[in-house]
Amino acid sequence: MELFSQAISSIQNGLNYASLKQKTISNNIANVDTPGYKAKTVSFKSMLQAEQDNLLKATRTDPRHFEFSTSSSLGVTTVHNAYQSNGNGVDVDKEMTDMAQNQLYYQALVDRMSGKFNSLNTVLRGGN
């Protein structure tokens, strides 16, 4: 039995994604002057697929059946672009834009989580 709704779990997964993306973007910006550094990005599609694989369990009833696993690399992938003459693949303007978008996404999730907890608090106090 779940104590909280599935929405809180979904919001938590979104916060984990946003946190990983923030760390990746920050790492890219920190390495903007590192020769040969390749920018990295977080793949939402692979993370979503991994979560779906966890939720949708299947059982092979016959060894001749296909495997159900669609495992893919989770999380951070390397982008192979060279924006500087030293082979560095970090575009600072793109990284700053991505960071701003990610911060807005993260803040929206935090606000939503806060709303869920405020609703629970109201229920616990009897509507007062």
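Everything discussed here concerns the structure shown above.
Residues numbered from 1 in each chain as written. Predicted model: local features only at pLDDT ≥ 70, side-chain atom pairs only at ≥ 80, totals over all residues. Heavy atoms only, no water.

Time to look at the overall build of the chain. When you go through the chain residue by residue, the secondary structure sums to 3 helices and 2 strands. Listing every helix and strand of the chain by position from the N terminus yields α-β-α-β-α. Within the chain, buried positions represent 22% of all 128 residues. By sequence separation, contacts in the chain at least 24 residues apart represent 77% of the contacts at least 6 residues apart. For the chain, the exposed area adds up to about 9200 Å²; of that, 56% sits on carbon and sulfur atoms. (Helix = DSSP H or I, 4+ residues; strand = E, 2+ residues; numbered from the N terminus. Buried < 20%, exposed > 50% of the residue type's maximum accessible area, 1.4 Å probe, protein only. Contact = heavy atoms within 4.5 Å. Areas by Shrake-Rupley, 256 points an atom, 1.4 Å probe, with all protein chains shown as cover.)

On to the packing of aromatic side chains. Counting across every chain of the model gives 1 aromatic pair. Ring centres of tyrosine 17 and tyrosine 105 lie 6.2 Å apart, and the angle between their planes is 80 degrees; this geometry places the pair in the edge-to-face category. Here tyrosine 17, found in helix H1 (residues 6-30), pairs with tyrosine 105, found in helix H3 (residues 92-124); they are 88 residues apart in sequence, far enough to count as distant. A residue is classified by how much of its surface remains accessible, and tyrosine 105, at 32% relative accessible area, is partly exposed. (Phe/Tyr/Trp six-rings, centres within 6.5 Å; stacked < 30°, edge-to-face > 60°.)

This brings us to H3. Across its 33 residues, H3 extends 47 Å between first and last C-alpha, which sits within 8% of the 48 Å expected from 1.5 Å per residue. Glu95, Asp98, Met99, Asn102, Leu109 and Met113 are the residues of H3 that are buried. Where H3 is buried, its residues meet H1. Glycine 126 sits one or two positions beyond H3 and adopts a positive phi of about 85 degrees. (Expected span 1.5 Å × (residues − 1).)

Moving on: the side chain of asparagine 88. Among the secondary structure elements, asparagine 88 is positioned in the loop between strand E2 (76-78) and H3. Asparagine 88 sits in the buried class, given a relative accessible area of 0%. Reaching out from asparagine 88, the side chain makes a polar contact with the backbone oxygen of valine 32 at a distance of 3.0 Å. Looking at asparagine 88, its side chain comes within polar contact range of the main-chain oxygen of threonine 34, at 2.7 Å. (Polar contact = N/O pair within 3.5 Å; in protein donor to acceptor, adjacent residues only side chain to side chain.)

If you look at the biggest cluster of nonpolar residues, it comprises 5 residues: Ile8, Ile11, Leu15, Leu109 and Met113. Here this core gets 3 residues from one element, more than from any other, and that element is H1. Setting aside its immediate chain neighbours within four residues, isoleucine 11 contacts Leu109, Arg112, Met113 and Lys116. (Core = buried A, V, L, I, M, F, W, Y, C linked by side-chain atoms within 4.5 Å.)

Another point: H1. Here H1 spans 36 Å end to end across 25 residues, near enough to the 36 Å set by a 1.5 Å rise per residue. Buried within H1 we find Ile8, Ile11, Gly14, Leu15, Tyr17, Ala18, Thr24, Ile25 and Asn28.

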